[in-house]
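Residues per chain are reported as follows:
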Amino acid sequence: MKRLVILMCVVSAACASNSQSDSDKDSISATTGDWAATLSSRNGTAVQGQVKLQSAVVGSGVNISISGATPGASHPWHVHAGSCGGNGGIMGSAGSYPILTAGADGRATANVTISAPLSEGSAYSVNVHRSSADMTTIIACGDLKN
């Protein structure tokens, strides 16, 4: 009987030490989830597309696909803090984003993991830039929604 009481105490202590507080759970759930954006053409281009993003506590997995690009054209892209048209910073490292290079059909896709989770209640967008030489011209943009 004494062993059973000791075992129950050990199990209770272990469970208590592994439990998360409500604030811990809230902060975790606020940085996890699925996000999506529809990319709309900007600055006279025909480029459009879709973005799907899955955010977790340690980062975010992003899938982007575009169409309507000039065959062979290379387009940098990034997830930004803030809505389209804002000047929010790049989420994660800019070097983590692979260049989108359009195929003969004007389509390009990329998958990447960035080291930045997204938080509920904050605004984010995805910009596709004209080229590495012209990063100021956005040719497609979409606001991420979760």
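Everything below is about the structure printed above this text.
Model, not experiment: these values are computed from the prediction.

1. Comments concerning the packing of aromatic side chains
- Taken as a whole, this structure holds two aromatic pairs when the rule is applied.
- Note on Trp35 and Tyr124: the rings are 5.4 Å apart at their centroids and 85° apart in plane angle, and the pair reads as edge-to-face. Remark: Tyr124 occurs in strand 8 (residues 124-129) and Trp35 occurs in strand 1 (residues 33-41); sequence separation between them is 89 residues.
- By relative accessible area, Tyr124 is classed as buried at 7%.
- For the pair Trp77 and Tyr97, a centre-to-centre distance of 4.9 Å together with 85° between the ring planes defines the contact as edge-to-face. One end of the pair, Trp77, is in strand 5 (residues 77-81); the other, Tyr97, is in the loop between strand 5 and strand 6 (100-101), and 20 residues separate them in sequence.

2. Examining the nonpolar core
- Of all hydrophobic cores here, the largest spans 28 residues; its most connected members are Ile64, Ile66, Trp77, Val79 and Leu144.
- Secondary structure elements with two or more residues in this core: strand 1, strand 2 (48-56), strand 3 (59-67), strand 5, strand 7 (108-114), strand 8 and strand 9 (138-144).
- Ranked by residues supplied to this core, first place goes to strand 7 with four residues.
- The contacts of Trp77, once residues within four sequence positions are left out, are Val62, Ile64, Tyr97, Pro98, Leu100, Ala110, Val112, Val126, Asn127, Val128 and His129.

Conventions adopted
- Residues numbered from 1 in each chain as written.
- Predicted model: local features only at pLDDT ≥ 70, side-chain atom pairs only at ≥ 80, totals over all residues.
- Heavy atoms only, no water.
- Phe/Tyr/Trp six-rings, centres within 6.5 Å; stacked < 30°, edge-to-face > 60°.
- Helix = DSSP H or I, 4+ residues; strand = E, 2+ residues; numbered from the N terminus.
- Buried < 20%, exposed > 50% of the residue type's maximum accessible area, 1.4 Å probe, protein only.
- Core = buried A, V, L, I, M, F, W, Y, C linked by side-chain atoms within 4.5 Å.
- Contact = heavy atoms within 4.5 Å.

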